Structures are given as C-alpha cells and as structure tokens.
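The residues making up each chain are set out below.
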Amino acid sequence: MRIIGGEYRGRKLVAPKTDKTRPSKSILRESLFNICAPYIEETVFLDLFAGSGAIGFEALSRGAKQVLFVENQKTAIEAIKKNAALLNVENQITIIPKNVYHFLTKVPSFCDIIFADPPYCPNEPAPPSYKLFEILDSSPILNPKGRFFLETHRKENPYPNKLSTLEFFKKRQIGNSQLLEYKAC
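Residues numbered from 1 in each chain as written. Predicted model: local features only at pLDDT ≥ 70, side-chain atom pairs only at ≥ 80, totals over all residues. Heavy atoms only, no water.

Asker: Help me understand the confidence of the model for the protein in this model?
Answerer: Atomic detail in the predicted coordinates should be set aside for any region of low pLDDT. Put simply, the protein has an average pLDDT of 89, and 91% of its residues get 70 or more. Per-element confidence in the protein is highest for helix α2 (residues 54-61), whose mean pLDDT is 97, and lowest for helix α5 (residues 128-138), whose mean pLDDT is 82. (pLDDT = per-residue confidence, 0-100. Helix = DSSP H or I, 4+ residues; strand = E, 2+ residues; numbered from the N terminus.)

What follows is the structure in structure tokens.
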C-alpha cells in the first residue's frame, strides 16, 4: 500500500497483520481526495475506523495540518505508529485508541473533514454506520461548512438524506463500495 498523491506520494505504508481491518482501495482514496482537493489545506481531519491510517496519511500528504486516528485494534494502532514514523509526521497526528462510538460521544467540536470506514454489513437492516449518523447528528464534532464522508458496501440499505446537522450531497459507486458525502448544515 502506498500514498497516492501529495508530498509523500509513492511512499510505502505498513498494513496491520490482521483480518479485522479492510484497507480502502486506492481508487476510492483517489476519488475522496479529488473531492477534498479544493478545501483540504490546513484542515483537521478525523479518520474513524482508521486501520493502517492510509486515509489519514493521504490527508496529511495533501495538506491537512492535523489528523486524528480513532482505532481500537492493537495491530492497527501499531501500524499507524510505524507509518507516522516512516513519514516523520508524529507531531501532526493523534492516535485515539478507543471505540469509535464511545469517542464520538465525548469529543468537542473541532473537525473540518471526517472520514469513516466502518465494517461492511450489507445484509443487516441497520449496519454499524447507522449509529454514526445518530451520534454525528447530535454532536458538534463537525465544524460548520465541514464534510463527512462514509465508505460503505454498495448493497447496504439507503442512508438518510437530511438530518438536523448533516445533509446528503453526493454518492459515488466504486466497485463493491460506495462513498457518501455529507455537508454540515
């Protein structure tokens, strides 16, 4: 796995040695950062269910000033630490070794871009990502004018179009995945 654009383009990343994480495909990462290109400079980026941290490190490579990684798998946390050292960006990251849902209920407002890649559950009527919407809709974590991106399986049930703090903007299908974009409202 490599950084695909920006300052650290081409640099290799360490992947966790576990079957409990699923890396985002490079085409999805490219799509996400093509969307974010006009407003990623100097942002605070939150990478939920971070895995190896590839999404967050890509954000740093493309101009984010700070990335927060939320991950509770020990092998994934170790991979994030190794990747930060490889890129020499330890001072620009914070690793939060907690359950994503617990973390989100305790955090103050401060993020410009949030990316979440929860476990895929295409056959469940209410996949884990539904809980994210409940929490984000009642939490001030996303700055006004902020963006929330959710990677899910393309066969998961439809997601809400309008919430009190988030409004659906666009959906992009990429293989078996879909990338949903929401704006703060």
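Asker: Just to check I follow, could you spell out the packing of aromatic side chains for this structure?
Answerer: Any aromatic ring pair is given by two values, namely how distant the centres are and how the planes are angled relative to each other. Under the defined criterion, the tally for this structure stands at 8 aromatic pairs. Where F57 meets F69, the ring centres are 4.9 Å apart and the plane angle is 40°; that geometry is what we call tilted. Linking F57 in helix α2 with F69 in strand β2 (residues 66-70), this pair joins segments that are 12 residues apart in sequence. Residues F57 and F69 agree in their burial class; the two are buried. Considering the side-chain rings of F148 and Y182, the 6.2 Å spacing of their centres and the 40° angle between planes classify their relative orientation as tilted. Taken together, the residues F148 in strand β5 (residues 142-153) and Y182 in strand β7 (residues 177-184) connect sequence positions 34 residues apart. The same class applies to F148 and to Y182, which are both buried. In this structure an aromatic cluster arises from ring pairing among F133, F148, Y159, F168 and Y182. Seen from the ring of Y101, K131 lies directly overhead, with NZ or CZ sitting 4.9 Å from the centre. (Phe/Tyr/Trp six-rings, centres within 6.5 Å; stacked < 30°, edge-to-face > 60°. Buried < 20%, exposed > 50% of the residue type's maximum accessible area, 1.4 Å probe, protein only. Lys NZ or Arg CZ within 6 Å of the ring centre and 35° of its normal.)

Asker: Would you mind going over the pairing of β2 with me for this structure?
Answerer: Consecutive side chains along a regular strand alternate between the two faces of the sheet. Taking burial as the measure, the 5 residues of β2 include 4 buried ones, the bulk of the element. Note that strand β1 (residues 44-48) and β2 share 5 bridges and pair parallel. Along β2, the bridge assignment pairs L48 with V70. Viewed along the sheet, the connection from β1 through α2 into β2 turns out right-handed. Across 4 bridges, β2 lies against strand β3 (residues 93-96) in parallel orientation. Its bridge partner being in β3, V67 is matched across the sheet by I93. Between β2 and its parallel partner β3, the chain crosses via helix α3 (residues 74-87), and the hand of that crossover is right-handed. (Pairing = 2+ DSSP bridges. Right-handed = clockwise from strand over helix to strand, strands pointing away.)

Asker: Explain the pattern of salt bridges to me, please; I cannot follow it from the model alone.
Answerer: Side chains that differ in charge, positive against negative, can pair when their charged atoms come close. If you walk through the whole model with that rule in mind, you get 7 salt bridges. Across the salt bridge formed by E58 and R29, the nearest N and O atoms sit 3.4 Å from each other. Of the two residues, E58 sits in helix α2 while R29 sits in helix α1 (residues 26-36), which places them 29 residues apart along the sequence. As a salt-bridge pair, E167 and K162 come within 3.9 Å of each other at their nearest N and O atoms. Here E167 falls in the partly exposed class, since its relative accessible area comes to 36%. Residues joined by salt bridges that share partners form a network here, namely R29, E30, E58 and R62. (Salt bridge = Lys/Arg side-chain N within 4 Å of Asp/Glu carboxyl O.)

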